[in-house]
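What the coordinates show
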Amino acid sequence: MAPADANALRIHSYALDERLTILRDPSSPADPQALALGALGWLLESDARAERFLALTGLTPDELRAGLGDPAALPAMLGAVLDFLAAHEPDLVGAAEALGVEPAVLAAAGQGLLR
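Thresholds, definitions, all that
Residues numbered from 1 in each chain as written. Predicted model: local features only at pLDDT ≥ 70, side-chain atom pairs only at ≥ 80, totals over all residues. Heavy atoms only, no water. Helix = DSSP H or I, 4+ residues; strand = E, 2+ residues; numbered from the N terminus. Buried < 20%, exposed > 50% of the residue type's maximum accessible area, 1.4 Å probe, protein only. Contact = heavy atoms within 4.5 Å. Areas by Shrake-Rupley, 256 points an atom, 1.4 Å probe, with all protein chains shown as cover. Lys, Arg positive; Asp, Glu negative; His and termini not counted. Salt bridge = Lys/Arg side-chain N within 4 Å of Asp/Glu carboxyl O. Axes fitted to C-alpha atoms, helices over the stretch in contact; angles between N-to-C directions. Nonpolar A, V, L, I, M, F, W, Y, C, P; charged D, E, K, R; others polar.

1. Some remarks on the overall build of the protein chain
Per the secondary structure count, the protein chain includes seven helices and zero strands. Mapped in sequence order, the helices and strands of the protein chain form the string α-α-α-α-α-α-α. A buried classification covers 27% of the 115 residues belonging to the protein chain. Sequence separation of 24 or more characterises 57% of the internal contacts of the protein chain that already satisfy a separation of 6 or more. Approximately 7800 Å² of the protein chain is accessible, and the part contributed by carbon and sulfur atoms is 58%.

2. Concerning the environment of Leu43
With respect to the element layout, Leu43 can be found in helix H2 (residues 32–44). Apart from residues no more than four positions distant in its own chain, Leu43 is found in contact with Arg49, Ala50, Phe53, Phe84 and Leu85.

3. Overview of the side chain of Arg49
Within the element layout of this structure, Arg49 appears in helix H3 (residues 47–57). Glu45 provides the closest opposite charge to the buried, unpaired Arg49, separated from it by 4.2 Å. Those residues in contact with Arg49, other than ones at most four positions away along the chain, are Trp42, Leu43, Phe84 and Asp91.

4. Digging into the packing of helix H5 (residues 74–86) against helix H6 (residues 89–99)
Orientation of H5 relative to H6, taken along the N-to-C sense of each, is 115 degrees, at an axis distance of 6 Å. Only Glu89, Asp91, Leu92 and Ala95 of H6 make contact with H5, whose side of the interface consists of Phe84, Leu85 and Ala86. Here the residues of the contact of H5 with H6 are counted per class, giving five nonpolar, no polar and two charged.

So, in structure tokens, the structure goes:
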């Protein structure tokens, strides 16, 4: 196949679905750190959730940033995120749906951070 033909095929295949999908092996264990970071991203999308998280954990925005930037503190910081979500089922379910995992997987990810 000539390069121009390959390009046309690629463009045509994208035009059919108009979005990319990353395929994952569903049997592979989820990376707890990646799940917790994704959950934190979901949490911070809402000012109300973010404010509640900071209020209930006692963290300040500066402490959160510092903890995320410190490899030694990162597991504890991400553990606090997952503990926060696990303590409020609607948030746990919402984050799990946004990340495409079962709530139990997200809740269990905290244990994976401690290993």
